[in-house]
Amino acid sequence: MGAPEGSCELARFSIAVPADLLREFDASIGRRGDARNRSEAIRDLMRASLVHETARTPDEQVIGSLTMIYDHHTGDLTRRLDEVQHDYTDEIVSTMHVHLDHHNCLEILALKGRGERVYELADKLLGLRGVHHGELTCAATGSSLEI
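Owing to the predicted nature of the structure, the values given are computational and were not obtained by experimental measurement. (Residues numbered from 1 in each chain as written. Predicted model: local features only at pLDDT ≥ 70, side-chain atom pairs only at ≥ 80, totals over all residues. Heavy atoms only, no water.)

The next point concerns the overall build of the protein. When its secondary structure is counted, the protein shows four helices and four strands. Each helix (α) and strand (β) of the protein, taken in turn from the N terminus, gives the series α-α-β-α-β-β-α-β. Within the protein, the fraction of its 147 residues that count as buried is 26%. Pairs at least 24 residues apart make up 67% of the contacts formed inside the protein by residues separated by at least 6 positions. Accessible surface computed for the protein: about 10,200 Å², of which carbon and sulfur atoms make up 53%. (Helix = DSSP H or I, 4+ residues; strand = E, 2+ residues; numbered from the N terminus. Buried < 20%, exposed > 50% of the residue type's maximum accessible area, 1.4 Å probe, protein only. Contact = heavy atoms within 4.5 Å. Areas by Shrake-Rupley, 256 points an atom, 1.4 Å probe, with all protein chains shown as cover.)

So, about the side chain of Asp 71. Mapped onto the elements of the fold, Asp 71 is located in strand 1 (residues 61-71). Despite being buried, Asp 71 has no salt bridge partner; Arg 129 is the closest side chain of opposite charge, sitting 8.5 Å away. Filtering out sequence-adjacent residues up to four positions away, Asp 71 remains in contact with Leu 77, His 103, Asn 104, Gly 130 and His 132. (Lys, Arg positive; Asp, Glu negative; His and termini not counted. Salt bridge = Lys/Arg side-chain N within 4 Å of Asp/Glu carboxyl O.)

Turning our eyes to something else, we now look at the pattern of salt bridges. For the structure on display, the rule yields 11 salt bridges. Between Glu 40 and Arg 43 there is a salt bridge; the shortest N-O distance is 2.8 Å. One end of the pair, Glu 40, and the other, Arg 43, are both in helix 2 (residues 38-55), three residues apart, so they sit about a helical turn from each other. Classification of Glu 40 by relative accessible area gives partly exposed; the value is 26%. Here Arg 43 falls in the partly exposed class, since its relative accessible area comes to 30%. Glu 120 is paired through a salt bridge with Arg 117; the nearest N and O atoms lie 3.6 Å apart.

Our next topic: the layout of surface pockets. Estimates place the volume of the second largest pocket at around 150 Å³. For the lining of the second largest pocket, the secondary structure elements donating two or more residues are helix 1 (19-31) and helix 2. For the lining of the second largest pocket, a count of residues per class yields seven nonpolar, no polar and one charged. (1 Å grid on protein atoms, 1.4 Å probe; cavity = no way out; pocket = protein on both sides within 12 Å on 5 of 7 lines; lining within 4 Å. Points joined across faces, edges and corners; volume = space filled by probe spheres on them. Nonpolar A, V, L, I, M, F, W, Y, C, P; charged D, E, K, R; others polar.)

It is worth spelling out the confidence of the model for the protein at this point. On average, residues of the protein score 86 in pLDDT, and 86% of them reach the 70 mark or higher. Averaged over each element, pLDDT in the protein is lowest for helix 2 (80) and highest for strand 2 (residues 92-99) (97). (pLDDT = per-residue confidence, 0-100.)

On to the nonpolar core, then. Core analysis: the largest hydrophobic core is formed by 21 residues, its most contacted members being Leu 66, Met 68, Leu 81, Leu 111, Leu 125 and Leu 136. Counting residues per element, the ones that place at least two in this core are strand 1, helix 3 (77-86), strand 3 (104-114), helix 4 (115-126) and strand 4 (131-140). Ranked by residue count, the leading element in this core is helix 4, at five residues. (Core = buried A, V, L, I, M, F, W, Y, C linked by side-chain atoms within 4.5 Å.)

Here it is, written out as structure tokens:
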């Protein structure tokens, strides 16, 4: 077990990863162009994972963005996207719609609310046939952040 949050005591551990994965990870760290090292990069990933888990707590207040790329020519996808979004008007703060080409659209939704509702909304939208790619990024707001 590690030290309490905020403590200066570090715990050392080792992990085994494929060599090509480690090379790609190190290259990713290098592209950032800062003084980061492998340990700090792994700590950042651990913190991000913990924030993500907190945000998935059903009653936690979260803020986030949902990004989707979809083919608006797929069946009645546009109507279904609208129907789902109309069921979550309290959680959707803003939307941005961009026409990428003749078939594909990018839609970004700014979201806030209880984690349960925000993740439910994302799951419903991303599960629709015709949505090619999507990603929800959330953070817990905590009680000190007013939205």
